[in-house]
Amino acid sequence: MSAPSQESKSQVAYRWIRERIAAGVFGPGYRLVLSSLATELTMSVVPVREAVRALTAEGLVTFERNVGARVAAVDGAQYRFTMQTISVLESAATALAAPFLTWDDIARARGLNDVVRRGLPDLDPRVFREVNQELHRTLYAKCPNPRLLDIIRAEWVRLGHLHGSAFGIAPGRAAAAVLEHEALIDLVESGAPPEEIERAARRHRAGTLTADLAARHPEMNFCDLPVPEGA
């Protein structure tokens, strides 16, 4: 007989709603009707309200008087800021995780990079996003700082409902990303200093974001994300 769950009802509701936001089931602007959610979760409105308050505090949900709670929309500026945050955090996590990666982890990362390589030049942007994210997750997942990993996951949840949107990969960027992935994996495999690994990861993420934003807004000038001195 399995042990009973230690989660409170509000935690169950929080996780359930958050997972659906991340999966795009509850897309931007989706109205979160507390009574309907409570019915679906077979619980009272009180824990659902607590869950929605927690999601509002995280920025995943907005609340308007006379309108109620809705899944937050992510505009271009928010996308840029969130991706900048992910760039910084993932790069640090990758550097911290590097000493703990096994040969199997490195082989998996190389295999995922080969998936992108073989798909060029006609790789589906959706496939690129999914494979690219999994490759980076493979390189930082063993970061020994659980709080850092929690924040990274929260930032990706914030962008989760963009999986099917126009946000993706700039034309021609995938080919460059393959070479940058290969160089980053080589650094990890060779036991390079953490600061070198972090700089390489930052340059790669910054290049992808800059190319993406430049392709979407050619009328604007976007500078690469700042990279630590010595890059």
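Above this note sits the structure.
All of these numbers come straight from a predicted model, not from anything done at the bench.

Criteria and thresholds
Residues numbered from 1 in each chain as written. Predicted model: local features only at pLDDT ≥ 70, side-chain atom pairs only at ≥ 80, totals over all residues. Heavy atoms only, no water. Helix = DSSP H or I, 4+ residues; strand = E, 2+ residues; numbered from the N terminus. Buried < 20%, exposed > 50% of the residue type's maximum accessible area, 1.4 Å probe, protein only. Contact = heavy atoms within 4.5 Å. Areas by Shrake-Rupley, 256 points an atom, 1.4 Å probe, with all protein chains shown as cover. Pairing = 2+ DSSP bridges. Core = buried A, V, L, I, M, F, W, Y, C linked by side-chain atoms within 4.5 Å. Axes fitted to C-alpha atoms, helices over the stretch in contact; angles between N-to-C directions. Parallel < 35°, antiparallel > 145°, perpendicular 65-115°, else oblique. Left-handed = near helix turned anticlockwise from the far one by under 90°.

**Q** Please explain the overall build of the protein as it appears in this structure.
**A** For the protein, the helix and strand inventory stands at nine helices and three strands. Walking the protein from its N terminus toward its C terminus, one meets helices and strands in the order α-β-α-α-β-β-α-α-α-α-α-α. The burial tally for the protein puts 42% of its 231 residues in the buried class. Contacts spanning at least 24 positions in sequence make up 76% of the contacts within the protein whose residues lie at least 6 apart. Carbon and sulfur atoms make up 55% of the accessible area of the protein, which totals about 12400 Å².

**Q** Just checking my understanding: could you explain the side chain of arginine 205 for this structure?
**A** When you line up the elements, arginine 205 lands in helix H9 (residues 194-216). Ignoring anything within four residues of it in the chain, the contact list for arginine 205 reads Ser87, Glu90, Asn132, His136 and Trp156.

**Q** Hey, could you run me through the pairing of strand S3 (residues 68-71) in this one?
**A** In summary, the side chains of a regular strand alternate between the two faces of the sheet. Examined bridge by bridge, strand S1 (residues 31-32) and S3 share two bridges and lie antiparallel to one another. Opposite arginine 31, over in S3, you have arginine 70 as the bridge partner. With four bridges joining them, strand S2 (residues 61-64) and S3 adopt antiparallel strand pairing. Across the sheet, threonine 62 pairs through a bridge with arginine 70, a residue of S3. The turn linking S2 back onto S3 is made up of three residues, and asparagine 66 within it adopts a positive phi angle of 70°.

**Q** I keep staring at the sheet that holds S2 and nothing clicks. Help me out?
**A** Think of a sheet as strands paired side by side through backbone hydrogen bonds, with each pair either parallel or antiparallel. The three strands are arranged S1-S3-S2 in an open sheet whose pairing can be described as antiparallel. If you trace the sheet from one side to the other, it starts and ends with S1 and S2, each paired once.

**Q** Help me understand the side chain of aspartate 105, please; the structure alone is not making it clear to me.
**A** Note on placement: aspartate 105 falls in helix H5 (residues 103-119). Given the relative accessible area of 15%, aspartate 105 is considered buried. Setting aside residues up to four positions removed in sequence, aspartate 105 forms contacts with Phe100, Thr138 and Lys142.

**Q** Which parts of the structure should I look at to understand the nonpolar core?
**A** If you look at soluble globular proteins, the nonpolar side chains tend to sit buried side by side. Counting 23 residues, the largest nonpolar core has Val116, Phe128, Leu139, Leu184, Val188 and Ile197 as the members making the most contacts within it. Elements with a contribution of two residues or more to this core: H5, helix H6 (125-140), helix H8 (173-190) and H9. Counting residues per element, this core draws most heavily on H8, which supplies seven residues. Excluding anything up to four places from it in sequence, valine 116 contacts Leu123, Phe128, Val131, Ala174 and Val178. By size, the runner-up hydrophobic cluster in this structure holds 19 residues, among which are Ala38, Val52, Leu55 and Val157.

**Q** Is there a simple way to explain the packing of helix H1 (residues 9-23) against helix H3 (residues 45-57) in this structure?
**A** Helix-helix packing is described using two parameters, namely the angle between the two axes and the distance between the axes. Between H1 and H3, the least distance of the axes is 8 Å, while the angle of their chain directions is 55°. With respect to H3, the element H1 is oriented oblique. Crossing angle aside, the handedness with which H1 passes H3 is right-handed. Of the residues in H3, those in contact with Lys9, Ser10, Ala13, Tyr14, Ile17 and Arg18 of H1 are Pro47, Val48, Glu50, Ala51, Val52, Ala54 and Leu55.

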